[in-house]
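# Observations on the three-dimensional arrangement
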Amino acid sequence: GAGPIGMVAALTLARYGQPSVIVDAKHTFNDGSRAICVARSSFTALQLLDVLGPFLDKSLPWASGRSFFRGRQILEFFMPDSATERHRPMYNIEQQYIEKFLHDGVAANPLIDMRWRTECTGVAEAEDGDGVALTLRDPDGPYEMRTDWLLAADGARSPIRSMMGLRLAGQNFEGRYIIADIQMENPVPVERFALFDPDARPGSTVLVHQQPDNIWRIDYQLRDDEDEDEALREENIRAAVQKVLDECGYDAPWELEWWSVYSANTLLLDGYRHGRTIFIGDSAHIVPIFGVRGFNNGVLDGVNIGWKLAWHLAGKAEEAILDSYDHERRRATLDVIEKSEKSTQFMTPRTRGLAIMRDAALSLALDFPFASQFANPRNMTPYEYHDSPLTLPDAEAWDAGPPPGAAAPDARLDGARINGAFLMDGFGPGFTVLTFGDVPGTGLLEEHDLATVLRLPPVGEAADVYGAGDGDAVLVRPDRFIAARWHRADGAVIRSAIARICAGGTQEDGR
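As the structure is a prediction and not an experimental result, all values here were calculated from the model.

## Points about the overall build of the protein
Broken down by element type, the protein carries 13 helices and 23 strands. Taking 2.2 N^0.38 as the reference for a compact globule, 511 residues should give roughly 24 Å; the C-alpha atoms of the protein span a radius of gyration of 24 Å, in line with that estimate. Viewed in the frame of its principal axes, the protein has a C-alpha envelope of about 65 × 60 × 40 Å. Counting all 511 residues of the protein, 56% fall into the buried class. Considering only residue pairs separated by 6 or more positions, the protein has 70% of its internal contacts joining residues 24 or more positions apart. When the accessible surface of the protein is summed, it comes to about 21,500 Å², and 49% of that surface belongs to carbon and sulfur atoms. In the protein, 50 positive and 76 negative side-chain charges are present, and the distance between their average locations comes to 2 Å.

This is the structure in structure tokens:
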């Protein structure tokens, strides 16, 4: 699959010197906005893959939003943000740009062979059990390919999944939404708007997002009594959008660019790894859009399996490390499902009872600020791998800082936010060790090419962000999650931790 997640995985493999072939039956990128909200964690991944520049140039950053109930504002929320972070909490950019910019990186990389108009028609375990045999078909006809490993990134309707007799399990929600992209000049701050039971769509929910190039994304819920085919007729799309714009007070002229329909589902495979075939992105799981967790969750899939598979292929890690992908990312999806189901129940109540409870909460929010938090979308944050076999628990208590398993935060090194150096600028492609003050024996880690060592003062912004003091050390994985941290560390202890991770960790008590 040549969607965003497949390209992220290929770029991650290439970053560590491993070649790959991407095949896709399509002949070009997807159109329309589709996935538009890119979280800070995904921008960190794009920075890791050296493709961040065009995303920063094109996308619209945002950190706040407002919710309305029957025309009255009930909530203004602000996502966690800090001057210590290089990237904003969220960025809006249409998926066709996401795919285009990733493809530019793929096309420029000699380790990646991109093959459009190539359909996979057969998949089977190699007869010797040491790889996957694929049957492919392009305009010149069918041919066979043998691959050591297959990453199935072929989307929600995954042919690979079907050919292997696998099915997603979970639940379907009743809510259906129309997506409409319109072009409109309307210079207002970039925010996320949610309208509950608006006059424009009584009994429905509406979401509004501004995107680059004066494109606005409007999602509006279809009521149970509305026919989907009728609602998708262009004249009905135009009429519905105009009513939403009128309610928002937007009177600028506009043009309809693209539209589609989706429903909210929470589905996932029982296991993401099946022998030499590993499922990533929507082929492994489908989650509702609320909280913008689907695309961003998939990006972390691609980076997670990419570095682990690359390490194994290079002989730096045992095959057991690949099992930690299923452990970490399937739990991440279950966490996403738990959160997104709550959001979906609120945005699209499945029963009359849930609708009454939701509307009661919204009615309370008109007069009581505490109730407004029920409408807070609590957008995507990276799942923390506390119980991963690759995460080493603290041997001693820490008073502050992100614990092992959490995403590594950034920090400024010279006090300048925009043009100054940030901590992650110095992170290496593999493991990175942050040392604060005197940590003996770390030079051997660099001499043996085990890790990049960043030697930091025991006081300052980085020390504050990590809760570290003199003699402390933090080990960061290649995907920029914290693997371990120590008081009074030394190089031998850190080297042992890296070896343990590369062996796949241990399974006792999840550690």
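Don't stop here, the text continues.
## Remarks on the sheet that holds strand β11 (residues 150–152)
Strand order across the open sheet formed by three strands is β11-β18-β17, with mixed pairing between neighbours. Of all strands in the sheet, those bounded by a partner on one side alone are β11 and β17 (273–274). With three bridges joining them, β11 and strand β18 (residues 277–279) adopt parallel strand pairing. Across the sheet, residue Ala152 finds its bridge partner in β18, namely Phe279.

## Things to note about the sheet that holds strand β2 (residues 37–39)
Taken in spatial order, the three strands of this open sheet run β2-β6-β3, and their pairing is antiparallel. Where the open sheet ends on each side, the last strands, each with one partner, are β2 and β3 (60–62). Each strand axis lies, on average, 30 degrees off the axis of its neighbour in the sheet, ignoring direction. Across three bridges, the pairing between β3 and strand β6 (residues 90–92) is antiparallel. Across the sheet, residue Trp62 finds its bridge partner in β6, namely Met90.

## Regarding a nonpolar patch on the surface
Residues Leu364, Phe368, Phe370 and Phe374 make up a contiguous nonpolar surface patch of about 440 Å² in total accessible area. Counting through the fold element by element, Leu364 comes out in helix α10 (residues 352–365). Residue class for Leu364 comes out partly exposed when judged on its relative accessible area of 38%.

## Quick notes on the nonpolar core
Core analysis: the biggest nonpolar cluster contains 86 residues, and Phe55, Leu102, Ile280, Phe431, Leu475 and Ile494 have the highest contact counts within it. Leave out the neighbours within four places in its chain, and Ile280 touches Ile5, Ala9, Leu151, Ala152, Ala153, Asp301, Ile305 and Tyr325. Of all hydrophobic cores here, the second largest spans 25 residues; its members include Ile36, Ala39, Phe196 and Leu362.

## Some thoughts on the packing of helix α1 (residues 4–15) against helix α4 (residues 95–107)
Two elements in contact, α1 and α4, have axes separated by 10 Å at closest approach and are oriented at 25 degrees. Classed by the angle they form, the pair α1 and α4 counts as roughly parallel. By crossing handedness, the relation of α1 to α4 is classed as left-handed. Where α1 approaches α4, its residues Pro4, Met7, Val8 and Leu11 are matched on the opposing element by Gln95, Ile98, Glu99, Leu102, His103, Gly105 and Val106. Taken together, the residues of the contact of α1 with α4 break down into seven nonpolar, three polar and one charged.

## Focus: the environment of Asn297
Examined against the element boundaries, Asn297 turns out to sit in helix α8 (residues 294–313). On a C-alpha basis, the gap between Asn297 and Pro19 in space is 24 Å, while along the polypeptide they are 278 residues apart. At a separation of 2.6 Å, a polar atom in the side chain of Asn297 contacts the side chain of Arg329.

## Regarding the confidence of the model for the protein
On average, residues of the protein carry a pLDDT of 90, and 95% of them reach 70 or more. Taken as a whole, residues 507–511 scores under 50 in pLDDT and shows 12 contacts with residues more than four places along the chain or in a different chain.

## Quick notes on the packing of aromatic side chains
Enumeration according to the criterion identifies 17 aromatic pairs in this entry. When the ring of Trp216 is compared with that of Tyr250, the centres are 5.4 Å apart and the planes differ by 55 degrees; the resulting orientation is tilted. Of this pair, Trp216 sits in strand β15 (residues 215–222) while Tyr250 sits in the loop between α7 (234–248) and β16 (254–268), and the two are 34 residues apart along the sequence. Judged by relative accessible area, Trp216 falls into the buried class, the value being 2%. Following the ring pairs from residue to residue traces out a cluster consisting of Phe43, Phe55, Tyr91, Tyr97 and Phe101. A cation over an aromatic ring shows up here: Lys316 above the ring of Trp311, its NZ or CZ 4.8 Å from the ring centre.

What counts, and where the lines are drawn
Residues numbered from 1 in each chain as written. Predicted model: local features only at pLDDT ≥ 70, side-chain atom pairs only at ≥ 80, totals over all residues. Heavy atoms only, no water. Helix = DSSP H or I, 4+ residues; strand = E, 2+ residues; numbered from the N terminus. Rg over C-alpha atoms; globule rule 2.2 N^0.38 Å. Buried < 20%, exposed > 50% of the residue type's maximum accessible area, 1.4 Å probe, protein only. Contact = heavy atoms within 4.5 Å. Areas by Shrake-Rupley, 256 points an atom, 1.4 Å probe, with all protein chains shown as cover. Lys, Arg positive; Asp, Glu negative; His and termini not counted. Charge placed at Lys NZ, Arg CZ, Asp CG, Glu CD. Pairing = 2+ DSSP bridges. Axes fitted to C-alpha atoms, helices over the stretch in contact; angles between N-to-C directions. Patch = residues over 30% accessible without salt bridge, like charges linked within 9 Å, V, L, I, M, F, W, Y side chains within 5 Å. Salt bridge = Lys/Arg side-chain N within 4 Å of Asp/Glu carboxyl O. Core = buried A, V, L, I, M, F, W, Y, C linked by side-chain atoms within 4.5 Å. Parallel < 35°, antiparallel > 145°, perpendicular 65-115°, else oblique. Left-handed = near helix turned anticlockwise from the far one by under 90°. Nonpolar A, V, L, I, M, F, W, Y, C, P; charged D, E, K, R; others polar. Polar contact = N/O pair within 3.5 Å; in protein donor to acceptor, adjacent residues only side chain to side chain. pLDDT = per-residue confidence, 0-100. Phe/Tyr/Trp six-rings, centres within 6.5 Å; stacked < 30°, edge-to-face > 60°. Lys NZ or Arg CZ within 6 Å of the ring centre and 35° of its normal.

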